[in-house]
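A closer look at the structure
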Amino acid sequence: MMNVDEFTNIELLVLDVDGVLTDGRIILSPSGEEAKVFNARDGAGMKYWKRAGGKLAIISGRGSAAVKIRAKELSVDAVRLSAKDKLPALEEVLVELDIPAERAAAVGDDLTDIPVMRRCGFAATTPDAPEEVRAMADYVTHLGGGAGCVREVIELLLKRAGKWNDILSRYFPAGREQRR
Ligand SMILES: [Mg+2]
């Protein structure tokens, strides 16, 4: 594992969906529609990330209308669905957003995410990810997929970049000691 203190210049957060933005369960209706359960604190974190000047990308191996809606709600800058091979999708996104791979951070939870995680400057995974994924990640979250792992990574990166206090100041206008 690398020293997380190094990662102060991340501009793009690349997120997997199933097992990262969700707990990995896929709810299928008889008509074949997919329902997903997202985490509101992840969503808020994604808004903080954007507010701090960061960009967001979603790269998923599955196609899902629910993901499209969620991505739109959260102003995700680049969305690649049904990406059977995720690395070419990442390369496209990096070109589109004009961000070097070293300045991208990836969050993935399975073997299919490894090429993307290796290519990015920083890689995080979830505590229940396969051993091989946890072994190559720079950071393993405490919170699970769909349970706040994305928020955890965003807070980590914003704190390392010295931007977290700016986010907090909006909610503590009189300072953090002030109780009311
Ligand atoms: Mg996944």
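Thresholds, definitions, all that
- Residues numbered from 1 in each chain as written.
- Predicted model: local features only at pLDDT ≥ 70, side-chain atom pairs only at ≥ 80, totals over all residues.
- Heavy atoms only, no water.
- Helix = DSSP H or I, 4+ residues; strand = E, 2+ residues; numbered from the N terminus.
- Rg over C-alpha atoms; globule rule 2.2 N^0.38 Å.
- Buried < 20%, exposed > 50% of the residue type's maximum accessible area, 1.4 Å probe, protein only.
- Contact = heavy atoms within 4.5 Å.
- Areas by Shrake-Rupley, 256 points an atom, 1.4 Å probe, with all protein chains shown as cover.
- Lys, Arg positive; Asp, Glu negative; His and termini not counted.
- Charge placed at Lys NZ, Arg CZ, Asp CG, Glu CD.
- Donors = N, O, S within 2.8 Å, 3.2 Å for Na, K, Ca; no water.

Next up on the list: the overall build of the protein. Within the protein one finds eight helices and eight strands. The C-alpha atoms of the protein give 16 Å as radius of gyration, which agrees with the globular expectation for 180 residues (16 Å, within 12%). Principal-axis analysis of the C-alpha atoms gives the protein an extent of 50 × 35 × 30 Å. The proportion of buried residues among the 180 residues of the protein is 48%. A sequence separation of at least 24 residues applies to 54% of the contacts in the protein between residues at least 6 apart. With the model as given, the accessible surface of the protein reaches about 9400 Å², and the carbon-plus-sulfur share is 49%. For the protein, the centre of its 26 positive side-chain charges and the centre of its 28 negative side-chain charges are spaced 8 Å apart.

This part takes up unusual backbone geometry. Non-glycine residue Ser75 carries a positive phi angle of around 50°. Notably, Ser82 is not glycine yet its phi reads approximately 50°, a positive angle. Mapped onto the elements of the fold, Ser82 is located in the loop between strand 5 (78–80) and helix 4 (86–97).

All right, on to the coordination of the magnesium ion then. In the first shell of the magnesium ion, the protein supplies Asp16 (OD), Asp18 (O) and Asp109 (OD), at 2.0 to 2.1 Å from the metal. Donor residues binding the magnesium ion come from one chain and are separated in sequence as D-x1-D-x90-D. Of the two residues, Asp16 and Asp18, neither departs from the other in class, the shared state being buried.

What follows covers the side chain of Ser64. Positionally, Ser64 belongs in the loop between strand 4 (55–59) and helix 3 (65–73). With relative accessibility at 6%, the residue Ser64 sits in the buried group. Apart from the residues lying within four places of it in its own chain, the contact partners of Ser64 are Glu34, Lys36 and Leu81.

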